[in-house]
Each structure stands twice: as structure tokens, then as C-alpha cells.
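Here is what each chain is made of, one letter per residue.
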Amino acid sequence: MFHQRTEPAAKAAGDLLDAYRPEAAFLATPSGVVLGEGAAAVTERLEDVADLLARGTADSPAGPIAIGAIPFDTGAPGRLVVPDSVRTSPPLAESGQGDRRQRPLPGPWTMRPVPAPDEHAEGVERVLKRLAAGDGPAKVVLARSLRLSGPGTVDVGQLLSNLAWRDPAGHTFAADLPAAAGSTRTLVGASPELLVAKRGGRVVSNPLAGSAPRSADPSKDQRSAVDLLGSAKDRHEHAVVVEAVTEGLRPYCRTLDVPEPELAGTATLWHLSTRITGELRDPDTPSALLAAALHPTPAVCGSPTAAARAAIGGIEPFDRGFYTGAVGCTDARGDGEWIVSIRCADVAGDTLDLFAGGGIVPDSDPDAELAETSVKLRTLLLALGVNQPIDAPQG
Ligand SMILES: C=C(O[C@@H]1C=C(C(=O)O)C=C[C@H]1O)C(=O)O
């Protein structure tokens, strides 16, 4: 039995960003901001969250909340925390505080791509061969990572703040992870992708898949968007995800609405996006259970899931850890939001591991896929204040 304190709501989201310290949990979405401090209870599995929350009380009428992260590997432990105390605020975009709090993190940084860029392109070729064989996956999401080491302990709070103010309408998070040797470990990022949100009887999922770079030149930017919307390869890559999410939600829903894909823009990329909405058969279905049912979608793994996962395991030379997992928050009624953990870094001590991947289908081009991951890495690099090419060979 535990009791969760609910502090008075903050007037401005920026106050919660300023109050964030490593080991706390922070989530900002278009529906609001949550900062959780301390740990009254902890679990490793999404499926156990509802029972855990039922064992506690809170000042809030919605009961206690849990907040945290799960990894890509569905068999590996997550870290979902019921904080001792919780503070909330209206969304960042409504704070009127603008972007005045951005500051680059101190460098210099050494950067080590894992694998080397040309090896990632070779990995894409290997995936293409597996797809062509016809007896394995139909789509595989292949990722690469970039390890940055800096001059001192990474200021996670400043990085979180930079990410949040760069995109106040996005999903920005910092989740405490199982500790690395001797230092706290945090997953910090700004993801454009909603895995699932549930409020009362309504459910929403907004898968993204199919990407094109943005351009500072408005006519080029427009062309890139129009080409993406008309690209048969990208529409196929996207359709695979929409179908899996729709089928994943169907058993829980009385109605489901699946519109045609549209464009969603981040600062650096265009994506194909489908906002799937539905009415739950049972409005008490916990959001954490829906997240567990959908994770990992073919947007981050591929399809069919088991074959794609096996291909990833055979080709990616690193452990994804919490990248391409999910970060989210739920109350005791099951209302909550779960975000796909992409455009993120796993930070411990003076080191950040950045990750980016892309969906490979039979028409994918290895060089274009490498370039796409480089653009995706820029979300974190720009928030760090690093604006240098990353694919030049390193000494
Ligand atoms: C895997 C990532 O992004 C995912 C893959 C996408 C794609 O292949 O086009 C687009 C959005 C995300 O669902 C990533 O950012 O690392």
C-alpha cells in the first residue's frame, strides 16, 4: 500500500521543465505535462501496471499514476514507476513561454557511429536480400546508433528543455532507466509518434512510417512532401503499419475509424501519418494493456513481427535497449498515453547513445536509407547544439 501526493498544478509547463532533475520522470504531450518524483512503487511490465496502481491511493480523484519506459525487446524488463509525488501542467504549447530557454550543451564531443555508415548501407542490402527470398519478413526496420562522449556529465535537464522548446507541440520525455554502472541512466527524446492514447471509451493511435527530408527552401520542401504522399514504396511501408495497428486494436474496439494517410511534419522530416480512432468495447481497458498489445508495431520492427525481429537481431551490431520501446503515463482508471520511443538518446554519465532507423521494403535504396537515418539523428544532435556532418569517417 502506498499513497501518492499530487502537488497543485503548475501554471506553466516551463516550471516543470525547470524542476526536472535526473531520476525524475517527465512527459509532455499535446494533452499536458507530467513530472513524477520519487518512487513509491515500481514494476517491470506494462501488464502489471493496472494491478500495481490499484494497490495505492492518491490525492488525485483519478488515483495514482504510473510513468516510465519499456524496451524494444518484449522479454526484457522495463521500468515503470509510481512516483511519490506528481505535478502536472497544461501543455507546453499553451504556456506562452516560447523558446527562450534553449542553450547548447558544452562540447567538444567525440562521435562514434555503430555500425560505420557504409556498414549500415550494407545491412540494408542484406535486409533487401532477405525480403527478396520471399520466405521471411516483408518489412524490416533497420537502425544504427551514434555514441557521443563529452567533456563531463551530460546535463540531461538542459537537453530535455532544448528538445521540448524546439517542438512544444510534440511528445518530449525523460525516463529514468535501470542504472548503468555507477551513474544514473536516462532515456531522453522528442518523438512524433503516438503508440496509443486512451481516455474513457476513446482510443487513438497515430502510426508514422514513410519519411522524406524537409528543406529550408519552401518549394523543395513542398516537393518533398508531395513526392512522399505519392510514393508507392512509402505508402506500402506505411500501409503495413496501419494494418497491424488496426488489427491490434480491433479485439478491444466496438468501432474503428481508419482514414487515408496524410502528411505530418517535424522540424527535420515529413512522415506519412494515419490517425486511427476507435471506441472501446470496455471503457475500463487500461491504456498500458493496449500499448502492450500493439508494441512493437511494424513502424519500428517490421512485419511479420517475429521474422523482422530475427532479421534485426542478425544484422544490427548493438542492443536497442529502450530505443523503439515506449514511454508513457497512465492513471488508475487506465487513461493514459504511450509514445513510441524514437528520436531519443540513452544517456549515462558523459555518454549519449543516439539511435535512428528506417523501414526497409523491397524498393528501398541503401544510400537513401542511410541518409534518412542521418536526418533522424539530427533531432537529438540539434538539441545538443551539435551541427556538424556525422557520416565523415572518424579517426
Ligand atoms: C525508427 C524510426 O522511425 C520510424 C520509422 C519511420 C520510417 O521508416 O519512415 C518513420 C517514423 C517512425 O515510425 C526512428 O526515428 O528511429
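Remember, predicted model here, so these are calculated numbers, not experimental data. (Residues numbered from 1 in each chain as written. Predicted model: local features only at pLDDT ≥ 70, side-chain atom pairs only at ≥ 80, totals over all residues. Heavy atoms only, no water.)

Undergrad: Would you mind going over the sheet that holds strand β17 (residues 262-265) with me for this structure?
TA: Hydrogen bonds between backbone atoms are what pair the strands of a sheet, whose relative direction is either parallel or antiparallel. Reading across the sheet, the three strands line up as β15-β18-β17 and stay open at both edges, with antiparallel pairing between neighbours. If you trace the sheet from one side to the other, it starts and ends with β15 (208-213) and β17, each paired once. Each strand of the sheet is rotated relative to its neighbour by a mean of 30 degrees, with strand direction disregarded. With four bridges connecting them, β17 and strand β18 (residues 269-273) associate as antiparallel partners. Across the sheet, the residue bridging to G265 is W270, located in β18. Together, β15 and β18 form the strand contacts of helix α6 (residues 232-249), whose direction differs from that of β15 by roughly 150 degrees. (Pairing = 2+ DSSP bridges. Helix = DSSP H or I, 4+ residues; strand = E, 2+ residues; numbered from the N terminus. Axes fitted to C-alpha atoms, helices over the stretch in contact; angles between N-to-C directions. Contact = heavy atoms within 4.5 Å.)

Undergrad: When you look at the side chain of R144 in this model, what are you seeing that I'm missing?
TA: As for its position among the elements, R144 is in strand β10 (residues 139-149). Here T373 takes part through its side chain, which lies 2.8 Å from a polar atom of the side chain of R144. (Polar contact = N/O pair within 3.5 Å; in protein donor to acceptor, adjacent residues only side chain to side chain.)

Undergrad: Even after reading the chapter, I still don't get helix α5 (residues 218-230), so can you show me in this structure?
TA: The terminal C-alpha atoms of α5, which comprises 13 residues, lie 18 Å apart, in line with the 18 Å expected from a rise of 1.5 Å per residue. If you follow the buried residues of α5, they end up packed against β15, α6, β17 and β18. With a side-chain oxygen lying 3.0 Å from the backbone nitrogen of S219, the N-terminal cap of α5 falls on D217. (Expected span 1.5 Å × (residues − 1).)

Undergrad: Looking at this model, I keep getting lost on the nonpolar core. Mind explaining?
TA: One broad rule of soluble globular proteins: the nonpolar side chains tend to lie buried together. In terms of nonpolar packing, the biggest core is built from 55 residues, with L195, V196, L249 and W338 touching the most fellow members. Top element by residues in this core is strand β6 (residues 65-70). It accounts for five residues. With residues near it in sequence (within four places) discarded, L249 still touches V196, V203, S205, L256, I276, L290 and L294. Counting 39 residues, the second-largest nonpolar core is a separate cluster that includes A13, L16, L17 and A174. (Core = buried A, V, L, I, M, F, W, Y, C linked by side-chain atoms within 4.5 Å. Buried < 20%, exposed > 50% of the residue type's maximum accessible area, 1.4 Å probe, protein only.)

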